[in-house]
Amino acid sequence: MPRIANLYFKTAIIFLILGISIGLHMSISGNHAATGAHAHANLLGWVTMAIFGGYHALNPQKAARRLASIQYAVYTFGVAVLIPSLYLLLSGNAAMEPIVAVSSLIAFAGVLLFAVIIFSNSEAAVTTATSPAR
Ligand code: HEM
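Let me sum up the structure you'll find in this document.

Calculation notes
- Residues numbered from 1 in each chain as written.
- Predicted model: local features only at pLDDT ≥ 70, side-chain atom pairs only at ≥ 80, totals over all residues.
- Helix = DSSP H or I, 4+ residues; strand = E, 2+ residues; numbered from the N terminus.
- Buried ≥ 20, exposed ≤ 12 C-beta atoms within 10 Å, placed from the backbone.
- Near = placed C-beta within 6 Å.
- Nonpolar A, V, L, I, M, F, W, Y, C, P; charged D, E, K, R; others polar.
- Expected span 1.5 Å × (residues − 1).
- Bend = angle between axes of the 7 residues up to and from the residue.
- Contact = placed C-beta atoms within 7 Å.

### Let's talk about the overall build of the chain
Working step 1: Each helix and strand counted, the chain has 6 helices and 0 strands in total.
Working step 2: Based on the C-alpha atoms only, the size of the chain along its principal axes is roughly 60 × 25 × 20 Å.
Working step 3: Among the 134 residues that make up the chain, the fraction classed as buried is 35%.

Here's what the structure looks like:
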């Protein structure tokens, strides 16, 4: 499996553990205020990252590109800041709002970068990855 696909699955399972932990905490406490943080940890974290990793596993030429690493860094940073700040915002810490806003935009930028990867030509990626150094 390409390195970036493996990295995405490792990151995804961490977000599933976090998302389910928030869900169990809400269930046990009876306080569902953090539903948004739980849902986004599971969907932006576990589900979306697993799909990104699966795409890279099926497209090893694209996974070897520098853009794949940049996209991983941007998206993962955005989601990793968004989930705890959203959790704190929904728990009553209004000061988190600008951090939630900025991290949401960073996560969205990561999604746009993934769109560039999807629409890019995989044959061009092969050429770039295998052409001899000049
Ligand atoms: C043991 C695992 C889980 C537990 C204990 C759990 C618990 C909860 C609880 C207590 C709520 C709040 C419900 C409400 O206030 O109406 C909720 C909402 C939600 N959960 Fe989970 N959850 C789990 C796993 C998951 C997973 C794996 C996903 C997605 C992949 C997920 C997605 C959602 C979504 C989208 C909502 C919002 C639903 C809505 O607002 O209508 N949950 N969950």
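Structure's up, so let's keep going.
### Describing the site of the ligand
Working step 1: Near the ligand there are 13 residues, and of these Gly-23, Met-26, His-32, Ala-39 and Asn-42 occur at the shortest range.
Working step 2: Secondary-structure elements contributing two or more residues to the shell around the ligand are helix H1 (3–29) and helix H2 (35–58).
Working step 3: Across the shell around the ligand, the residue classes tally to 7 nonpolar, 6 polar and no charged.

### Here we look at the environment of Leu-18
Working step 1: Take Leu-18: it is sitting in helix H1.
Working step 2: On the basis of neighbour counts, which here come to 20 C-beta atoms within 10 Å, the residue Leu-18 falls in the buried class.
Working step 3: Between the C-alpha atom of Leu-18 and that of Ile-83, which follows or precedes it by 65 residues, the distance is 9.4 Å.

### Considerations on H2
Working step 1: With 24 residues, H2 extends 33 Å from end C-alpha to end C-alpha; this agrees with the ideal 34 Å at 1.5 Å per step.
Working step 2: At Thr-48, H2 shows its largest kink, close to 30°.

### Some remarks on the environment of Ile-106
Working step 1: Here Ile-106 is to be found in helix H5 (residues 97–119).
Working step 2: With 17 C-beta atoms counted inside 10 Å, the residue Ile-106 sits in the partly exposed group.
Working step 3: In sequence terms Ile-106 and Tyr-75 are 31 residues apart; their C-alpha atoms lie 6.7 Å from each other.
Working step 4: Apart from residues no more than four positions distant in its own chain, Ile-106 is found in contact with Val-74, Phe-77 and Gly-78.

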